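A structural walkthrough
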Amino acid sequence: MKAIAQDRYGPADVLGLRDIDVPTAGAGEVLVQVRAAGVDPGVWICMTGRPYLARLAMGLRRPKVAVRGRDLAGVVAAVGAGVTRFRPGDEVYGTSLRGTYAEFTAAPQQRLALKPANLSFEQAAAVPVSGMTALQAVRDSGAVRAGHRVLVIGAGGGVGSYVVQLAKAYGAHVTAVCSAPKADLVRSLGADDVVDYTRDGIDRDGARYDVVIDTGGDRPLSVLRRVLTPRGTLVLVGGAYDGSPLLGGYSRQMLRAPLLALFVGQRLRGLTGRERAEHLDELRRLIEAGAVMPAVDRTYPLAGAPDAIRHLTGNRPAGKLVVAVTAGDPR
Ligand SMILES: NC(=O)c1ccc[n+]([C@@H]2O[C@H](COP(=O)([O-])OP(=O)(O)OC[C@H]3O[C@@H](n4cnc5c(N)ncnc54)[C@H](OP(=O)(O)O)[C@@H]3O)[C@@H](O)[C@H]2O)c1
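Nothing here was measured: the structure is a model prediction, and the numbers come from that model.

With respect to the helices and strands, Leu119 occurs in the loop between β7 (112–114) and α3 (121–125). We classify Leu119 as buried; its relative accessible area is 4%. Spatially, the C-alpha atom of Leu119 lies 38 Å from that of Arg204, the residues being 85 residues apart in sequence. Those residues in contact with Leu119 that lie beyond four places of it in its chain are Ala124, Val127, Ile287, Met293 and Pro294.

Here it is in structure tokens:
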């Protein structure tokens, strides 16, 4: 089968289109014929091996898994022993740790769920990592409730575009922070107010928020806390790569926020997203109800996956990028 793979860490040039063996589905695993795969900053981290801390999981000197991509939408081709939730022919979406920029991948059944019926494969592939992260930021870490005032930083990005919609679905009043070219998108996703951060500070009118969900930029905790109510909740999802080779932009989440949270009334939480079928099922429910829709900026062919990653890091897409995979044959 065709796959986008790499042998060493580096920029997108290390990726190549290769012929490799179709994986087999082990016990509890599902072999999926991939029809589309999402692109997100996690793919860039796996490709570059930066920040270095991530290499503890991915392989110290070279990537343990050669094929890139994590999100998938496709059709079940075969199931391994003990798989009870899926049958060949089911249309599914979810994640795989064996790489999804490929004609086939294998994934544990707990990482998959039935695809939302009202989405194409390309749209569905834009959901898993970003949608599940947003769901956990809004529902679990942020505990967003009806009537809350929620500030979403990075609202026009992959995660932020779902955060805006989910916060609205849970009944919040949403202020979206993004650059001017993404203002129309975030309004179309339901944002009540928009702050263009290239022109105004996030505290431009003295507003205070019950929940702040930060997915972009590198604002210090002091700036983020200033726009929170005294008992408000800050959820740190991610942000700009700050150039630190060891931790990247994660030091706020992992080190500073939990320490500071011990001494202040506000809740300061770093999010480590988990990927579970329960999250995918909840997202399918919201998508089929019309409360959430993926915002797909552009779709690339499989051979164009390196360009998709370059686009993600260089051109600030509005919403999500997707890699479409042409169907192959497992045998
Ligand atoms: N914690 C977790 O489990 C988890 C899971 C998934 C992703 N992440 C992390 O979350 C972050 C966002 O992921 P993503 O997929 O949404 O990335 P993305 O699609 O690249 O979106 C990031 C957004 O941040 C915005 N941005 C950049 N600088 C900004 C600034 N100074 N102020 C406000 N917004 C700014 C960009 O919008 P403009 O073009 O408008 O500037 C962009 O739309 C990344 O760091 C990613 O690694 C964490």
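On the basis of which strands lie adjacent, the open sheet formed by 6 strands has the order β10-β9-β8-β11-β12-β13 and parallel pairing. Edge positions in the open sheet fall to β10 (193–196) and β13 (267–270), since each of these has one partner strand only. Each strand axis lies, on average, 15° off the axis of its neighbour in the sheet, ignoring direction. Sheet topology places strand β8 (residues 149–153) next to strand β11 (residues 209–214); 4 bridges connect them, and they run parallel. The residue bridging Val150 from the neighbouring strand is Val211, located in β11. Taken strand by strand, helix α4 (residues 128–141) contacts β11, β12 (228–236) and β13, and its axis lies near 150° from that of β12.

Quick look at the site of the ligand now. The local shell around the ligand holds 24 residues, among which Ser179, Lys182, Tyr197, Leu271 and Gly273 are the closest. Between the ligand and Gly157, the relevant distance is 3.3 Å, taken from an oxygen atom to a main-chain nitrogen or oxygen of the residue. Within the contact set of the ligand, an oxygen atom lies 2.6 Å away from a side-chain nitrogen or oxygen of Ser179. The fraction of the free accessible surface of the ligand (920 Å²) that becomes covered by protein chains is 85%. Residue composition of the shell around the ligand, grouped by class: 8 nonpolar, 13 polar and 3 charged.

Let us look at the packing of aromatic side chains. According to the stated counting rule, one finds 0 aromatic pairs in the structure shown. Between the NZ or CZ atom of Lys115 and the centre of the ring of Phe121, over which it lies, the distance is 5.1 Å.

A few words on unusual backbone geometry. Residue Pro51 is bonded to the preceding Arg50 through a cis peptide linkage, with omega at -5°. Position of Pro51 relative to the elements: it lies in the loop between α1 (41–48) and α2 (55–58). Not every positive phi belongs to a glycine, and Ala143 is a case in point at roughly 45°. With relative accessibility at 25%, the residue Ala143 sits in the partly exposed group. Here Arg316, not a glycine, exhibits a phi torsion of approximately 50°, which is positive.

Okay, the domain arrangement of the chain next. Put simply, an interface is often sized by how much accessible area is lost when its parts join up. Taken domain by domain, the chain comprises domain 1 (2–127 + 294–324) and domain 2 (130–270). On a C-alpha basis, the centres of domain 1 and domain 2 stand 27 Å from each other. Each partner contributes to the interface: domain 1 provides 16 residues, whereas domain 2 provides 19 residues. A combined buried area of about 1300 Å² lies between domain 1 and domain 2, and 60% of that area is made up of carbon and sulfur atoms.

Rules used in this analysis
Residues numbered from 1 in each chain as written. Predicted model: local features only at pLDDT ≥ 70, side-chain atom pairs only at ≥ 80, totals over all residues. Heavy atoms only, no water. Helix = DSSP H or I, 4+ residues; strand = E, 2+ residues; numbered from the N terminus. Buried < 20%, exposed > 50% of the residue type's maximum accessible area, 1.4 Å probe, protein only. Contact = heavy atoms within 4.5 Å. Pairing = 2+ DSSP bridges. Axes fitted to C-alpha atoms, helices over the stretch in contact; angles between N-to-C directions. Near = heavy atom within 4 Å. Polar contact = N/O pair within 3.5 Å; in protein donor to acceptor, adjacent residues only side chain to side chain. Areas by Shrake-Rupley, 256 points an atom, 1.4 Å probe, with all protein chains shown as cover. Nonpolar A, V, L, I, M, F, W, Y, C, P; charged D, E, K, R; others polar. Phe/Tyr/Trp six-rings, centres within 6.5 Å; stacked < 30°, edge-to-face > 60°. Lys NZ or Arg CZ within 6 Å of the ring centre and 35° of its normal. Domains from an automatic or database assignment. Buried area = accessible area lost by both parts, 1.4 Å probe.

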